[in-house]
Amino acid sequence: MKMDSPPLLDRIRFVLVETTHTGNLGATARAMKAMGLSQLHLVRPRTPPDAEAMARAAGADDLLAQAGIHASLADAIAGCRLVIGSSARLRTVKWPLLEPPECARRLLGEARDGPVALVLGRERSGLTNEELALCHFLVHIPTNPDFSSLNLGAAAQVFAYEIRQRYCEGLGETLPREDRDLATAEALEGFHVHLSQTLVEIGFADPDQSAKLSRRLRRLFHRARPDWTEINILRGILSAAQGRKDPERFRRQPRDGGTAA
Ligand code: SAH
């Protein structure tokens, strides 16, 4: 079996959100490159990759030089069909939770059909609830429950290692695959913006208090993993709820020359 078919590993993005220490950017680039990964994306890094980052990258500076820099997590995951967020803490919110080997299998499995992303949070505070709401799953590296937080670069290394192991096992057909034309992250985001507007317009949601509702709805639709056709149907329903469709268009015309009974 051919081990290095780069497209699969090249479709897995590591997205780092608001990283404070540039050394961690370098450490992550090194961890990724050593495991054959290449797609590093940064969301509002406090400082773009600098000399410290290059030093810690120890030869993986090409990944830093090519890293995409984004204004928001939504931008960084544009085009992705699967997004997995990582967390040092097990949240009270019920989120579908994976361990690193299953996370790696899913990323690889779905990378066959398009780009996928693993999201890593801030050194101090991890990912916000709004950012988690953009993820399909959460992954947690099992740790000492009293000391569960790994250094960002160390966590990236664990994830990258698991991906390489699963890749090298050549799981091929046993990798989980959602064999549908799934809507991408930005298509889902467009739907959620439309949904929020509609819920306010039809008097269901209070515009000033709808953040929690919106997160719950995101979780619901992320669980369902809608495909493109389903998203189009849902958006059509929203347009109708907004009064932008005329029910008269379904009224059957009487046949010409027909006589009333
Ligand atoms: N104090 C923060 C820790 C952040 S550590 C918090 O409580 O969330 C920085 C990032 O490294 C995390 O956002 C996560 O992406 C990753 N990370 C660290 N430890 C992890 C663990 N045990 N499991 C999964 N991800 C972890």
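Residues numbered from 1 in each chain as written. Predicted model: local features only at pLDDT ≥ 70, side-chain atom pairs only at ≥ 80, totals over all residues. Heavy atoms only, no water.

J.: Describe the environment of Tyr167, listing the residues and the values that go with them.
T.: Along the chain, Tyr167 turns up in helix α8 (residues 152–168). What makes Tyr167 buried here is its relative accessible area of 7%. Sequence separation of Tyr167 and Asp206 is 39 residues, and the distance between their C-alpha atoms is 47 Å. (Helix = DSSP H or I, 4+ residues; strand = E, 2+ residues; numbered from the N terminus. Buried < 20%, exposed > 50% of the residue type's maximum accessible area, 1.4 Å probe, protein only.)

J.: Describe a positive patch on the surface, with residues and values.
T.: Judged by side-chain charge, Arg235, Arg244, Lys245 and Arg249 come together as a positively charged surface patch. Its location among the elements puts Arg249 in the segment after α11 (228–241). Using a relative accessible area of 47% as the deciding quantity, one classes Arg249 as partly exposed. (Patch = residues over 30% accessible without salt bridge, like charges linked within 9 Å, V, L, I, M, F, W, Y side chains within 5 Å. Areas by Shrake-Rupley, 256 points an atom, 1.4 Å probe, with all protein chains shown as cover. Salt bridge = Lys/Arg side-chain N within 4 Å of Asp/Glu carboxyl O. Lys, Arg positive; Asp, Glu negative; His and termini not counted. Charge placed at Lys NZ, Arg CZ, Asp CG, Glu CD.)

J.: Any chance you could break down the pairing of strand β4 (residues 82–86) for me, citing the residues and the numbers?
T.: Within a regular strand, side chains alternate between the sheet's two faces. Within β4, 5 of the 5 residues are buried, leaving the element largely enclosed by the surrounding structure. Side-chain alternation along β4 places Leu82, Ile84 and Ser86 on one buried face and Val83 and Gly85 on a second face that is also buried. Here β4 runs beside strand β6 (residues 116–120); their pairing, made up of 4 bridges, is parallel. Along β6, the bridge assignment pairs Ile84 with Leu118. (Pairing = 2+ DSSP bridges.)

J.: Can you tell me about empty space enclosed by the protein, naming the residues and giving the values?
T.: Inspection of every chain in the model, using the stated rule, returns 4 cavities of 30 Å³ or more. As a volume, the largest cavity reaches approximately 100 Å³. Surrounding the largest cavity, Ala74, Ile77, Val83, Leu134, His136, Ala185, Glu186, Leu188, Glu189, His192, Arg218 and His222 form its lining. Mapped by element, the contributors of at least two residues to the lining of the largest cavity are α9 (185–201) and α10 (211–224). Here the lining of the largest cavity takes 5 residues from α9, the largest share from any one element. Of the residues assigned to the lining of the largest cavity, the class counts are 6 nonpolar, 3 polar and 3 charged. If you count residues domain by domain, the lining of the largest cavity takes at least three from each of domain 1 (7–174) and domain 2 (185–246). Here the second largest cavity is characterised by a volume of approximately 70 Å³. Every element with two or more residues in the lining of the second largest cavity is listed here: α9 and α10. Among the elements that make up the lining of the second largest cavity, the one with the highest residue count is α9 (5 residues). Across the lining of the second largest cavity, the residue classes tally to 6 nonpolar, 4 polar and 1 charged. (1 Å grid on protein atoms, 1.4 Å probe; cavity = no way out; pocket = protein on both sides within 12 Å on 5 of 7 lines; lining within 4 Å. Points joined across faces, edges and corners; volume = space filled by probe spheres on them. Nonpolar A, V, L, I, M, F, W, Y, C, P; charged D, E, K, R; others polar. Domains from an automatic or database assignment.)

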